[in-house]
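Analysis of the macromolecular model
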Amino acid sequence: MRLPDDWAEMSAEAQVAHLRGLGPDDLSRAAVAYDWTLHPERVLGWAMVQKGLDLGSAVCVFFN
């Protein structure tokens, strides 16, 4: 999984739109690797309620 080169400059809405196109495995990887200095409430809030996110990834995000 590769995030867009301009990921850090993207708005929260654009980041969520990108994440919507990912499969469950890539979504999990993106959530765990998410940069908390960006838009964590908006983007991770959306990602954490997705049914495809596995429990291990959810716990990693919580502890990050």
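For the structure, see preceding data.
The structure contained in this document is the topic of the report that follows. Please read all numbers here as calculations on a predicted model, not as lab measurements.

Regarding the packing of aromatic side chains
Scanning the model with the defined rule gives two aromatic pairs in all. Arranged with centres 6.4 Å apart and planes meeting at 85 degrees, the rings of W7 and Y34 form a pair that is edge-to-face. Pair noted here: W7 is in the segment before α1 (12-20) and Y34 is in the loop between α2 (24-32) and α3 (40-48), with a separation of 27 residues, a long-range link. The class of W7 is buried, set by a relative accessible area of 8%. Ring geometry for F62 versus F63: centroids 5.2 Å apart, planes at 80 degrees, classification edge-to-face. Across the pair, F63 and F62 agree in class, each one exposed.

Points about the packing of α2 against helix α4 (residues 55-63)
Running from amino to carboxyl end, α2 crosses α4 at an angle of 15 degrees, the nearest separation of the two axes being 9 Å. If you check the angle between α2 and α4, you find them roughly parallel. In the crossing of α2 with α4, the sense of the turn from one axis to the other is left-handed. For the pair α2 and α4, the contacting residues are S28, A31 and V32 in the first and S57, C60 and V61 in the second.

Things to note about α4
Counting along an α-helix, one turn takes 3.6 residues, and residues three or four places apart therefore face a common direction. Buried within α4 are the following residues: S57, A58 and V61. Taken around the axis of α4, the buried residues stretch over an arc of 100 degrees, which confines them to a single face. Away from its buried face by more than 90 degrees, α4 exposes L55, F62 and F63. Its buried side turned inward, α4 meets α2 and α3.

A few points about a nonpolar patch on the surface
A surface patch of nonpolar side chains, amounting to about 510 Å² of accessible area, comprises L55, V59, F62 and F63. Its place among the elements puts L55 in helix α4.

Topic: the pattern of salt bridges
On inspection of all chains with the given rule, the structure shows two salt bridges. A salt bridge links D26 to R29, with the shortest nitrogen-to-oxygen separation between them at 2.5 Å. Placement of the pair is D26 and R29 together in helix α2, with a separation of three residues, close to one helical turn. A residue is classified by how much of its surface remains accessible, and D26, at 25% relative accessible area, is partly exposed. Assessed through its relative accessible area of 46%, R29 is described here as partly exposed.

So, how was this worked out
- All residue numbers here refer to positions counted from 1 along the written sequence of the relevant chain.
- Selection of residues for local features in this predicted model requires a pLDDT of at least 70, selection of side-chain atom pairs for listing and counting requires 80 or more, and totals for whole chains, interfaces and linings are taken over all residues.
- Where side-chain values are given, they derive from all heavy atoms of the structure, hydrogens and water being excluded.
- Aromatic pairs are defined between Phe, Tyr and Trp rings, using the six-membered ring for Trp, whenever the two ring centres lie within 6.5 Å; interplanar angles under 30 degrees are classed as stacked, those over 60 as edge-to-face, and all others as tilted.
- Helix and strand definitions here come from DSSP, where helices need a minimum of 4 consecutive H or I residues and strands a minimum of 2 consecutive E residues; each element is numbered from the N-terminal end.
- Type-normalised accessible area, obtained with a 1.4 Å probe on protein chains alone, sets the label of each residue: buried when under 20%, exposed when over 50%, and partly exposed for intermediate values.
- Axes, fitted as lines to C-alpha atoms, cover a helix only where it is in contact. Angles between the N-to-C directions of the axes lie from 0 to 180 degrees.
- Throughout, the term roughly parallel applies to angles under 35 degrees, roughly antiparallel to angles over 145, roughly perpendicular to angles from 65 to 115, and oblique to all others.
- Handedness of a crossing follows from how the near helix is turned relative to the far one, being left-handed for an anticlockwise turn of less than a right angle and right-handed for a clockwise one.
- It only takes one pair of heavy atoms within 4.5 Å for two residues to be counted as in contact.
- The reported arc concerns the directions from the helix axis to the C-beta atoms and nothing else.
- Patch definition: residues with relative accessible area over 30% and no salt bridge; like charges joined within 9 Å; nonpolar side chains (Val, Leu, Ile, Met, Phe, Trp, Tyr) joined within 5 Å.
- Reported accessibility uses the Shrake-Rupley method at a 1.4 Å probe radius. Residues are deemed covered only where the shown protein chains occlude them.
- Salt bridges are counted wherever a side-chain nitrogen of Lys or Arg sits within 4 Å of a carboxyl oxygen of Asp or Glu.

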